Amino acid sequence: MKILHAEFIKSCAVPEQFPADHLPEIAVAGRSNVGKSSLINSLLHRRDLAKVSRTPGKTRTVNLFLVTTSDPALARFYLVDLPGYGFAKVSKSVRAHWGPLIESYLCNRAPLILVVLLVESRVVTEQDRQTVAWLRTIGREPLIVATKSDKLKPSERVRTLRRTQRDLDLPEGHTLIPYSTVTGEGRDDLWGALRDAVRI
């Protein structure tokens, strides 16, 4: 599969700004420092399509990227970068707006076919666990991607990933994709999972 085109479309601060063309949407969620922008760039083979910041929580809106591929199953879709949760240094008023905006998107957005939830391979937080549980309550079983897998030592890799599955209460056989933006590990597996989601 080739990525024929990928471009940033717009940032949405209110639900009324979401696209009305009904193309499939795949959302990427995770805490503020988990590497969402880096993963999006890696997945799309772009260096700086999604802006990477050293300041966690820089994304404050729902950002949409339109992707065109050579795969008929995923010919055109939106990759949706959701604001990170965690320790973003923003005002209470901005943070209060995030909650309703993201909740409205995840609960009510008809074109949304999959939520890709990023967790750091070495550290699963209580917020990660709560997010998985909440997504399940609204009928959005997330695809879990464990980022920064290149930082795992070979001797701890299997044990750490099993602990991640256990901490997130993932059923036996549930897909957990280790991903590294440094080595490229997991990229093909993630694309395969996205194609599978579209076919369901």
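Colleague: How should I be thinking about the overall build of the protein in this particular structure?
Modeller: In terms of regular secondary structure, the protein is built from five helices and seven strands. If you list the helices and strands of the protein from N to C, you get β-β-α-β-β-α-β-α-β-α-β-α. Taking the contacts inside the protein whose residues are at least 6 apart along the sequence as the reference set, 75% of them involve residues at least 24 apart. Accessible surface, the protein as shown: approximately 10300 Å² in total, 51% of it carbon and sulfur.

Colleague: Looking at this model, I keep getting lost on the packing of helix H1 (residues 36–43) against helix H5 (residues 187–199). Mind explaining?
Modeller: Angle between the axes and distance between the axes are the two parameters that describe a pair of packed helices. Following both chains from N to C, one finds H1 and H5 inclined at 85 degrees, their axes separated by 10 Å at the closest point. When the interaxial angle is binned, H1 and H5 end up roughly perpendicular. Every residue of H5 that contacts H1 at Leu39, Ser42 and Leu43 is listed here: Arg187, Leu190, Trp191 and Leu194. Partitioned by chemical class, the residues of the contact of H1 with H5 number five nonpolar, one polar and one charged.

Colleague: When you look at the pattern of salt bridges in this model, what are you seeing that I'm missing?
Modeller: Opposite charge on two side chains permits them to pair, given that their charged atoms come into close proximity. Inspection of the entire model under this criterion finds ten salt bridges. Residues Glu120 and Arg31 are paired through a salt bridge, measuring 3.2 Å at the closest nitrogen-oxygen approach. Remark: Arg31 occurs in the loop between strand E2 (25–30) and H1 and Glu120 occurs in strand E5 (residues 112–120); sequence separation between them is 89 residues. On the basis of relative accessible area, Glu120 is assigned to the buried category, the value being 7%. Looking at Arg31, the relative accessible area reads 7%, which means it is buried.

Colleague: Just to check I follow, could you spell out the side chain of Thr147 for this structure?
Modeller: Looking at the secondary structure, you find Thr147 in strand E6 (residues 143–147). Once residues within four sequence positions are removed from consideration, Thr147 is found in contact with Val34, Leu39, Leu118, Val119, Glu120, Ser121 and Tyr179.

Colleague: Would you mind showing me how to read unusual backbone geometry here?
Modeller: Glycine aside, residues mostly have negative phi angles, and peptide bonds mostly take the trans form. Backbone geometry places His22, a non-glycine residue, at a positive phi of 65 degrees. With respect to the helices and strands, the residue His22 is situated in the loop between strand E1 (3–12) and E2. Exposure remark for His22: the relative accessible area of 66% places this residue in the exposed category.

Colleague: I keep staring at H5 and nothing clicks. Help me out?
Modeller: Owing to its 3.6 residues per turn, the α-helix brings residues three or four apart onto one side. Over its 13 residues, H5 runs 19 Å from end to end, which matches the ideal 18 Å to within 8%, given 1.5 Å per residue. Every buried residue of H5 is listed here: Arg187, Leu190, Trp191, Gly192, Ala193, Leu194, Arg195 and Ala197.

Colleague: Would you mind showing me how to read the environment of Gly30 here?
Modeller: Looking at the secondary structure, you find Gly30 in strand E2. On the accessibility criterion, Gly30 (0% relative accessible area) is buried. Spatially, the C-alpha atom of Gly30 lies 4.8 Å from that of Leu118, the residues being 88 residues apart in sequence.

Colleague: Explain the pairing of E5 to me, please; I cannot follow it from the model alone.
Modeller: Along E5, eight of the nine residues are buried, which leaves the element largely enclosed by surrounding structure. Pairing between E2 and E5: six bridges, direction parallel. Bridged to Ala29 within E5 is Leu117. Pairing analysis gives five bridges linking E5 to E6, with the strands arranged parallel. Counterpart to Glu120 in the pairing with E6 is Thr147. Once the chain exits E5 it traverses helix H3 (residues 126–137) before rejoining the sheet at E6, and the crossover so formed is right-handed.

Colleague: Quick question: what am I supposed to make of the nonpolar core here?
Modeller: In summary, soluble globular proteins display a tendency toward joint burial of nonpolar side chains. Of all hydrophobic cores here, the largest spans 30 residues; its most connected members are Val62, Val80, Leu82, Tyr105, Leu106, Ile144 and Leu168. Elements that contribute at least two residues to this core include exactly E2, strand E3 (62–69), strand E4 (76–81), helix H2 (92–108), E5, H3 and E6. Ignoring any residue separated from it by four or fewer positions in sequence, one finds Val62 in contact with Lys10, Ser11, Cys12, Phe18, Val80, Asp81, Leu82, Pro83 and Leu101. Ile3, Leu49, Leu79 and Leu194 belong to the second-largest nonpolar core, a separate cluster that totals 28 residues.

Colleague: How should I be thinking about the sheet that holds E1 in this particular structure?
Modeller: Strand pairs in the sheet, formed through backbone hydrogen bonds, run parallel or antiparallel to each other. With mixed pairing, seven strands are arranged side by side in an open sheet as E1-E3-E4-E2-E5-E6-E7. This sheet does not close on itself; its edge strands, each paired only once, are E1 and strand E7 (176–178). When strand polarity is set aside, the average angle formed by the axes of neighbouring strands in this sheet is 25 degrees. Bridge analysis of E3 against E4 gives six bridges, and the strand direction is antiparallel. From the neighbouring strand, Thr68 faces E4, where its bridge partner is Arg76. Of the strands in this sheet, E1, E2, E3, E4, E5 and E6 are in contact with H1, which crosses E4 at around 160 degrees.

How each quantity is defined
- Residues numbered from 1 in each chain as written.
- Predicted model: local features only at pLDDT ≥ 70, side-chain atom pairs only at ≥ 80, totals over all residues.
- Heavy atoms only, no water.
- Helix = DSSP H or I, 4+ residues; strand = E, 2+ residues; numbered from the N terminus.
- Contact = heavy atoms within 4.5 Å.
- Areas by Shrake-Rupley, 256 points an atom, 1.4 Å probe, with all protein chains shown as cover.
- Axes fitted to C-alpha atoms, helices over the stretch in contact; angles between N-to-C directions.
- Parallel < 35°, antiparallel > 145°, perpendicular 65-115°, else oblique.
- Nonpolar A, V, L, I, M, F, W, Y, C, P; charged D, E, K, R; others polar.
- Salt bridge = Lys/Arg side-chain N within 4 Å of Asp/Glu carboxyl O.
- Buried < 20%, exposed > 50% of the residue type's maximum accessible area, 1.4 Å probe, protein only.
- Expected span 1.5 Å × (residues − 1).
- Pairing = 2+ DSSP bridges.
- Right-handed = clockwise from strand over helix to strand, strands pointing away.
- Core = buried A, V, L, I, M, F, W, Y, C linked by side-chain atoms within 4.5 Å.

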